[in-house]
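# Notes for the structure review
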Amino acid sequence: MDEPKYSFVIPIYNEEETLPELKKRLGALLERLDGSSEVILVDDGSDDKSYSIMFDIHQQDPRFKIVRLSRNFGHQIAITTGMDFSIGQAVIILDADLQDPPEVILKMIERWEEGFEIVYAIRENREGETWFKRITASVFYRCLRKLTEIDIPTNVGDFRLVDRKAINVFKTMRECNRYVRGMFSWVGFKQTGIRYMREKRFAGYTKYSLKKMLKLAVDAIINFSTIPLRLVLGFGFVIAGLSFFTGITAIYLRLSGVYTIRGWTSLVVLVSFFSGIQLIVVGMLGEYVSRIYLEVKNRPLYIVSNLHGFKKDE
């Protein structure tokens, strides 16, 4: 079998309800493409019937391949796994919940054939999502653009088409705490975006809890910016200056007899305030140091349990 022109990378985590519809819509799309394709389903430690359904899909259509991870490594690692195993000239990253319609990929391919090496999808709406998620996502993306030193587009997720040239560069980046969309912004190349209407989740529920979203946000900021450290440093200088000014003022008032500080309230407030500042500074430094600690251990990003559809199965 010749190498495919297109590789689809789809992370799967407890998506038993969406997989049959995904197979139907994606299978129809594959027939419309101008070249052969492979679909890499990455089972990220699912504990429902997702794996057995994926295996049935693979038996029916060998173009659908399976990489089963030994446990749940997380969405960003699952995407990375699929890209590591992909061999297509263009790699399309797609979630399994069908919020990102597979049919939009045809427009991505058009822009790719025009010479763009990365084509990302810009969400014009976020149908089916709560107002809290829409607002926090909007605030996060705008803050991220201000804090990071690279241009990360707003309202853009992992849904994108990436040329093999950019994929090969991405595969050399092996940091543990990954923010894939930021990494693709960092690599550069010729990029463009297309707008689309994001649909409601076909079935099931979102696997991105508030805790996971916060972790992703922290990874995005810390992995691509040192501005938080600079802000903390600047804040420290401001507080030190105010403290010095307050001390001089208190001494002057005491010597002039205008005001005498009595009691301990002001002392407790100041000590508590500065203790909080110190904890913030230490915590910020700890976040950066912890990432250094994880990187130097040099553990593999993921562990594969089973393979189906590849040359070296299982």
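That block above? That's the structure.
Bear in mind the structure is a predicted one, so any value in this text is a computation, not a measurement.

Rules and cut-offs
Residues numbered from 1 in each chain as written. Predicted model: local features only at pLDDT ≥ 70, side-chain atom pairs only at ≥ 80, totals over all residues. Heavy atoms only, no water. Buried < 20%, exposed > 50% of the residue type's maximum accessible area, 1.4 Å probe, protein only. Helix = DSSP H or I, 4+ residues; strand = E, 2+ residues; numbered from the N terminus. Pairing = 2+ DSSP bridges. Contact = heavy atoms within 4.5 Å.

The subject of this paragraph is the pairing of strand 4 (residues 90-93). Alternating positions in strand 4 separate into two faces, A90 and I92 on one and V91 and I93 on the other, with burial throughout. The pairing of strand 1 (residues 6-12) with strand 4 spans four bridges and is parallel. Looking at strand 4, one finds that F8 is bridged to I92. Pairing of strand 4 with strand 6 (residues 156-163), which is carried by four bridges, proceeds in the antiparallel orientation. Along strand 6, the bridge assignment pairs I93 with R160.

The subject of this paragraph is the side chain of S37. Following the sequence through the fold, S37 ends up in strand 2 (residues 37-43). Classification of S37 by relative accessible area gives buried; the value is 4%. Every residue in contact with S37, bar those within four places of it in the chain, is listed here: P4, Y6, F8, L30 and R63.

With that out of the way, let us pick up the environment of L94. Its location among the elements puts L94 in the loop between strand 4 and helix 4 (105-113). Judged by its relative accessible area of 0%, L94 falls in the buried class. As a C-alpha pair, L94 and I79 span 15 residues in sequence and 8.9 Å in three-dimensional space. Beyond its immediate stretch of four places on either side in the chain, L94 contacts V9, I10, P11, L26, D100, P102, I105 and F159.

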